[in-house]
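Now for the letters of each chain:
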Amino acid sequence: MAYMTWFERRVIGRLQVRLGPNRVGIGGLLQPLADALKLFFKEDVRPARADRILFPLAPAISLFAALAAFAVIPFGPTTRIAGVEVPGGIANLQVGLLYLVGISSLGVYGLVLGGWSSGSKYSLIGGLRAAAQVVSYELILGLALVSVALVAGTLSLEGVVGGQANGLPYVILQPVAFLLYLVAAVAETNRAPFDLPEADTELVAGYHTEYGGMRFAMFFIAEYVNVITVSALAATMFFAGWSGPFLPGPHWLFIKMLAFLFLFVWLRATLPRLRYDQLMRLSWSVLLPLALINLLATAVVVAVTR
Amino acid sequence: MPTNYIGIGLFILVGMGFTGATFAAAALIRPSNPNPIKLEPYECGVPGVGDARDRFHIRYYVLAMLYLVFDLEVVFLYPWAVQYDKLGLFGLMEMLVFVAILLIGYFYAWKKGALDWV
């Protein structure tokens with residue numbers, strides 16, 4: 001997870017024709033450790049107007065929600081060891097998809113509470129923007145995933161991968177849902193070009209303006225964990241997850257995830273930030289009807305073909 | 001299968017533990033030298049004006065209500081999607097009616113300008 005920051009900085013560096021961090025350790029590989037140590041030793045300012053309880057709690061909620069959501073991603077098939085079923089991930093829930101969507105939407109509490117409790121106007125605006133953006137795109141995310149669940153006929157992520165391992169990956173059967181998911185995932189994780197909640201040219205740093213030291217790091221880590229989770233989910237739902245020839249399951253999942261992580265970094269290096277009204281119009285007036293039409297079309301096609 | 005939830009529970013505990021331990025470790029080793037100026041809300045070089053617990057724009061509330069309606073719709077769609085094979089044509093028709101009712105409200109909100117941000 002920490003190496004996501006190293007990966008991002010190196011890739012962005014290359015995309016901008018410079019080197020990126022390369023001094024600490026071989027090829028800059030110790031840079032994340034150095035950053036973490038620095039953040040540990042930083043003073044943690046709690047502004048006088050901040051809420052005493054919610055201010056430290058908000059980043060913890062963000063990070064906890066981000067970590068807990070990762071639990072249902074399957075790394076490999078369920079195997080039997082000494083008669084006991086061992087799931088290929090941390091857990092294989094029947095409602096895995098619903099669990100993931102539910103838990104990851106808890107993260108918005110961290111953003112909005114962090115923004116409100118800081119007692120700073122920039123934080124408040126950033127928090128509100130973050131909340132509005134995340135909930136708007138969560139609908140798109142949910143509707144895109146429902147279409148896939150309709151094709152798969154199950155909410156268990158292992159079942160979804162199993163359905164693809166024996167047939168086509170769902171990116172071919174559900175291309176519109178995949179594109180919707182991709183846009184919504186970038187917006188959900190507040191990454192460029194949808195990084196409006198922390199648009200530094202307008203809002204200083206958005207909801208984490210007043211945060212420093214380890215509390216800031218919590219928000220930061222949560223964002224990267226979320227990026228990794230949505231990448232893993234994209235690989236699982238649309239690109240058959242761990243299934244693939246020759247290599248064992250976790251390797252395939254990792255390769256597919258890495259491709260998505262690279263895409264995230266690439267988007268950030270390439271695209272300028274949207275305006276806020278454009279962002280909201282895109283979600284409510286374009287993507288939401290599109291997602292509904294896609295879902296209904298899927299339902300009709302499934303009804304006809306089965 | 002309840003055994004699956006044991007894994008989830010453990011993972012959640014580890015997540016909480018990691019968060020808590022990081023906070024505790026940082027609290028032990030970081031310096032703390034507050035002073036009144038440092039504790040003021042951020043402002044770019046000038047004294048801040050007003051309180052942050054201010055009024056904000058009504059459209060955030062409208063958006064929250066719209067979100068609630070459509071998020072509930074999505075939640076209802078999940079079990080429908082899983083059981084779609086068993087429900088058959090009846091399920092398809094029911095969902096068309098359900099979505100159509102919501103779409104009427106959606107277009108009403110659109111016409112009323114609830115989705116405009118400028």
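The structure presented is a predicted model; accordingly, all values stated were derived computationally and were not measured.

Definitions and limits used
- Residues numbered from 1 in each chain as written.
- Chains lettered and ligands numbered in written order.
- Predicted model: local features only at pLDDT ≥ 70, side-chain atom pairs only at ≥ 80, totals over all residues.
- Heavy atoms only, no water.
- Helix = DSSP H or I, 4+ residues; strand = E, 2+ residues; numbered from the N terminus.
- Buried < 20%, exposed > 50% of the residue type's maximum accessible area, 1.4 Å probe, protein only.
- Contact = heavy atoms within 4.5 Å.
- Phe/Tyr/Trp six-rings, centres within 6.5 Å; stacked < 30°, edge-to-face > 60°.
- Domains from an automatic or database assignment.
- Buried area = accessible area lost by both parts, 1.4 Å probe.
- Salt bridge = Lys/Arg side-chain N within 4 Å of Asp/Glu carboxyl O.

Draft legend 1. Molecular detail of the overall build of chain A. Each helix and strand in chain A was counted, giving 12 helices and 2 strands. Start at the N end of chain A and walk to the C end: the helices and strands fall as α-α-α-β-β-α-α-α-α-α-α-α-α-α. For chain A, buried positions account for 58% of its 306 residues. A fraction of 75% describes how many contacts in chain A between residues 6 or more apart in sequence connect residues 24 or more apart.

Draft legend 2. View of the packing of aromatic side chains. Across all of its chains, the model carries 15 aromatic pairs over all chains by this definition. Ring geometry for A:Tyr181 against A:Phe238: centres 5.5 Å apart, planes inclined by 50°, an arrangement best described as tilted. With a gap of 57 residues between them, A:Tyr181 in helix α8 (residues 175–188) and A:Phe238 in helix α10 (residues 213–238) connect regions that are remote in the sequence. One exposure class covers both A:Tyr181 and A:Phe238, and it is buried. Ring geometry for A:Trp284 and B:Phe70: centres 6.1 Å apart, planes at 70°, overall edge-to-face. One end of the pair, A:Trp284, is in helix α12 (residues 276–305); the other, B:Phe70, is in helix α2 (residues 59–82), on a second chain. Across the pair, B:Phe70 and A:Trp284 agree in class, each one buried. Through a chain of ring-to-ring contacts, three or more aromatic side chains come together here, namely A:Phe178, A:Tyr181, A:Phe238, A:Phe239 and A:Phe260.

Draft legend 3. Examining the domain arrangement of chain A more closely. Residue and element names in this part refer to chain A. Split into domains, chain A comes out as domain 1 (1–41) and domain 2 (45–305). Every contact between the two is made by 10 residues of domain 1 and, on the other side, 17 residues of domain 2. Carbon and sulfur atoms make up 86% of the area that domain 1 and domain 2 hide from each other, which totals about 1,300 Å². Connecting domain 1 to domain 2 are 0 salt bridges.

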